[in-house]
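# Residue-level structure breakdown
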Amino acid sequence: MAEKNINKASAPKAKNEGVYHLQLKSGDVPGYVILPGAPERTLVIARDWENVREVASYREYKTVAGTYKGTDIACTSTGIGGPSSEICIHELNILGVHTCIRVGTTGCIVPEFDLGDLIIPAACVRKDGTSASYIEPEYPAYADTYVVMALMEACERLGFRYGLGLDYTVGSFYIGQGRPLREDGSGYWPSFAEKIIPDLATARVTNIEMETSGQFVVGKLHGMRMGAVLSVISNRVLDRWGDNGGESKACLAASEAIRILTEWDKKGEISLTLKMKK
Ligand code: URA
C-alpha cells in the first residue's frame, strides 16, 4: 500500500504538523525556554510556576509551559549529550525561540566549588563532538553576556552560592571524564584518561559535563542567546557525588533569570550595539 502523507526528508514534520521531534507548533512556547537534560526535571522546574501545562512529550523531549511571576515561560528537555541537544535547539529556533538557559548538573574539578553550588559557564572547551559538525574547532563556545548577567542577578536575589565557570563539555560520561571501567583498574583504561581531570584543573577549567558547549555553539550560530546554570552534583577533587539541594536551586535561578531578561527586553535595556559617549 502506498504511504500517505510523505514528508520532506530535508524538513520532516510530526504527525500533528509540528516540528518533528519536539512535536510543538508555533505558539506552543514563548521566546524564552529553559533546557533541562532530563524529562523529569521539567516538572521540578515547573514547581515554581503557575498555569502549568504539559504541551508535548516524545522520546527524551518533554515540553511544559506556564507562567513564572506573570512571565510566560516554558521548558523542553534535551536528553543527554550534544546530538539530542542539537535537535532540540534547531527545532526551537524554527518555532521562534530566541533565548535558552540550560539547567543541568556538572562535576567540579577545582576546590572552590562543592556539591550543591551553582556554576554559570562563561565559556566552554568544545569536546562535545556535535558542534564540530557545525563549524571549525577554533570558533568559541561562549554564553550570551546578558544571559550570564541575568543568571548572576537571579542568584544574588535568591541568595544562592554561585560562581562563573570555564566549562569542559565532552561527549562521554565515563572514559572521557576520567572514570575507569572498574575500580580495580582492569579493562580499557588508556593513560590519557588518567590525566584528564588533573590536566583540566591545571588549566583552571572549573567543571565538566556533556551538553553546554554544543548548545552554546548551535544556538549562537542560529542567532539565539544562550546561557547555562549548572548544579555541582559531583566533586572530582574529593571524589564525592550528591545533589545537596543544587538541582532545585538551579531550576529556580533559571526561571528568575528568564523573568529578569524578559523585563530587560521589554524596557529595551539590552542593546547589542555599542553605546558611544557623547
Ligand atoms: N554530569 C556529567 O557529565 N558529569 C558529572 O560528573 C556530573 C554530571
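Now for a description of the structure that goes with this document. (Residues numbered from 1 in each chain as written. Predicted model: local features only at pLDDT ≥ 70, side-chain atom pairs only at ≥ 80, totals over all residues. Heavy atoms only, no water.)

For the rest of this paragraph, the subject is the overall build of the protein chain. The number of helices and strands found in the protein chain is six helices and 11 strands. The principal-axis extent of the C-alpha atoms belonging to the protein chain is close to 65 × 55 × 40 Å. Counting only residues that meet the buried cut, the protein chain has 50% of its 278 residues in that class. Contacts in the protein chain between residues far apart in sequence, at least 24 positions, make up 74% of those at least 6 positions apart. Surface summary for the protein chain: the accessible area is close to 14000 Å², and the carbon and sulfur share equals 53%. Distance between charge centres in the protein chain, computed from 31 positive and 34 negative side chains, equals 4 Å. (Helix = DSSP H or I, 4+ residues; strand = E, 2+ residues; numbered from the N terminus. Buried < 20%, exposed > 50% of the residue type's maximum accessible area, 1.4 Å probe, protein only. Contact = heavy atoms within 4.5 Å. Areas by Shrake-Rupley, 256 points an atom, 1.4 Å probe, with all protein chains shown as cover. Lys, Arg positive; Asp, Glu negative; His and termini not counted. Charge placed at Lys NZ, Arg CZ, Asp CG, Glu CD.)

Attention now goes to the nonpolar core. Nonpolar side chains in soluble globular proteins tend to end up buried together. With 59 residues, the main nonpolar core has Ile34, Trp49, Leu92, Ile101, Val229 and Leu261 as its most contacted residues. It is helix α6 (residues 246–267) that contributes the most residues to this core, nine residues altogether. Residues in contact with Ile34, not counting those within four places in the same chain, are Ile45, Trp49, Ile73, Ala74, Cys75, Thr76, Ile101, Val103, Ala254, Ser255 and Ile258. Residues Ile109, Tyr168, Val170 and Val205 belong to the second largest nonpolar core, which totals nine residues. (Core = buried A, V, L, I, M, F, W, Y, C linked by side-chain atoms within 4.5 Å.)

Right, let's talk about the site of the ligand for a bit. Taken together, the neighbourhood of the ligand is formed by Thr105, Thr106, Gly107, Phe173, Gln177, Arg179, Ile208, Glu209, Met210, Ile233, Ser234 and Trp241. At a separation of 2.8 Å, a nitrogen atom of the ligand approaches a polar side-chain atom of Gln177. Between the ligand and Arg179 there is a distance of 2.7 Å, counted from an oxygen atom to a side-chain nitrogen or oxygen. Its free accessible area being 240 Å², the ligand has 94% of it covered by the protein chains. At the level of elements, β5 (99–108), β9 (207–209) and β10 (225–235) are the ones that each hand at least two residues to the shell around the ligand. Among the elements that make up the shell around the ligand, the one with the highest residue count is β5 (three residues). (Near = heavy atom within 4 Å. Polar contact = N/O pair within 3.5 Å; in protein donor to acceptor, adjacent residues only side chain to side chain.)

Now for the pairing of β10. Every other side chain in a regular strand lies on the same face of the sheet, so the side chains alternate between the two faces. Counting buried residues along β10, 11 of its 11 residues qualify, which places the element largely inside the surrounding structure. Here β5 pairs with β10 via 10 bridges, running parallel. Bridged to Val103 within β10 is Val229. The sheet contact formed by strand β6 (residues 118–127) and β10 spans two bridges and is antiparallel. When the bridges of β10 are listed, Leu118 appears paired with Ser231. The hairpin turn running from β10 into strand β11 (residues 240–241), its antiparallel successor, is four residues long, and Asp239 in that turn takes a positive phi close to 55°. (Pairing = 2+ DSSP bridges.)

Any two aromatic rings considered together are summarised by their centre-to-centre distance and by the angle between their planes. One pass over the structure, following the stated rule, counts two aromatic pairs. Judged by centre distance (4.9 Å) and plane angle (85°), the ring pair of Phe173 and Tyr174 falls under edge-to-face. Using a relative accessible area of 29% as the deciding quantity, one classes Phe173 as partly exposed. On the basis of relative accessible area, Tyr174 is assigned to the exposed category, the value being 53%. (Phe/Tyr/Trp six-rings, centres within 6.5 Å; stacked < 30°, edge-to-face > 60°.)

Turning our eyes to something else, we now look at the pattern of salt bridges. According to the stated counting rule, one finds 12 salt bridges in the structure shown. Put simply, Glu256 and Lys69 hold a salt bridge, and the shortest N to O gap is 3.4 Å. One end of the pair, Glu256, is in helix α6; the other, Lys69, is in the loop between β3 (61–68) and β4 (71–76), with 187 residues separating them in the sequence. The exposure class of Glu256 is buried, given its relative accessible area of 2%. A salt bridge links Arg161 to Asp117, with the nearest nitrogen and oxygen atoms 2.8 Å apart. Here Arg161, found in the loop between α3 (145–158) and β8 (162–170), pairs with Asp117, found in the loop between β5 and β6; they are 44 residues apart in sequence, far enough to count as distant. Asp117 sits in the buried class, given a relative accessible area of 6%. One continuous salt-bridge network, built from bridges that share partners, spans Lys69, Glu153, Arg157, Glu256, Arg259 and Glu263. (Salt bridge = Lys/Arg side-chain N within 4 Å of Asp/Glu carboxyl O.)

Looking at where Ser231 falls in the secondary structure, it is placed in strand β10. According to the relative accessible area criterion, Ser231 is buried, its value standing at 1%. Ignoring anything within four residues of it in the chain, the contact list for Ser231 reads Gly104, Thr105, Thr106, Asp117, Leu118, Gly246, Glu247 and Ala250.

On to the pairing of β4. Within β4, five of the six residues are buried, leaving the element largely enclosed by the surrounding structure. One ladder, built from two bridges, connects strand β1 (residues 32–36) with β4; its direction is parallel. Opposite Val33, over in β4, you have Ala74 as the bridge partner. The pairing of β3 with β4 spans six bridges and is antiparallel. Bridging across to β4, Gly66 finds its partner in Ile73. Hairpin geometry of β3 and β4 is characterised by an intervening segment of two residues between the two adjacent antiparallel strands and by a positive phi of about 45° at Lys69.

So yeah, pure geometry; function would need other evidence.
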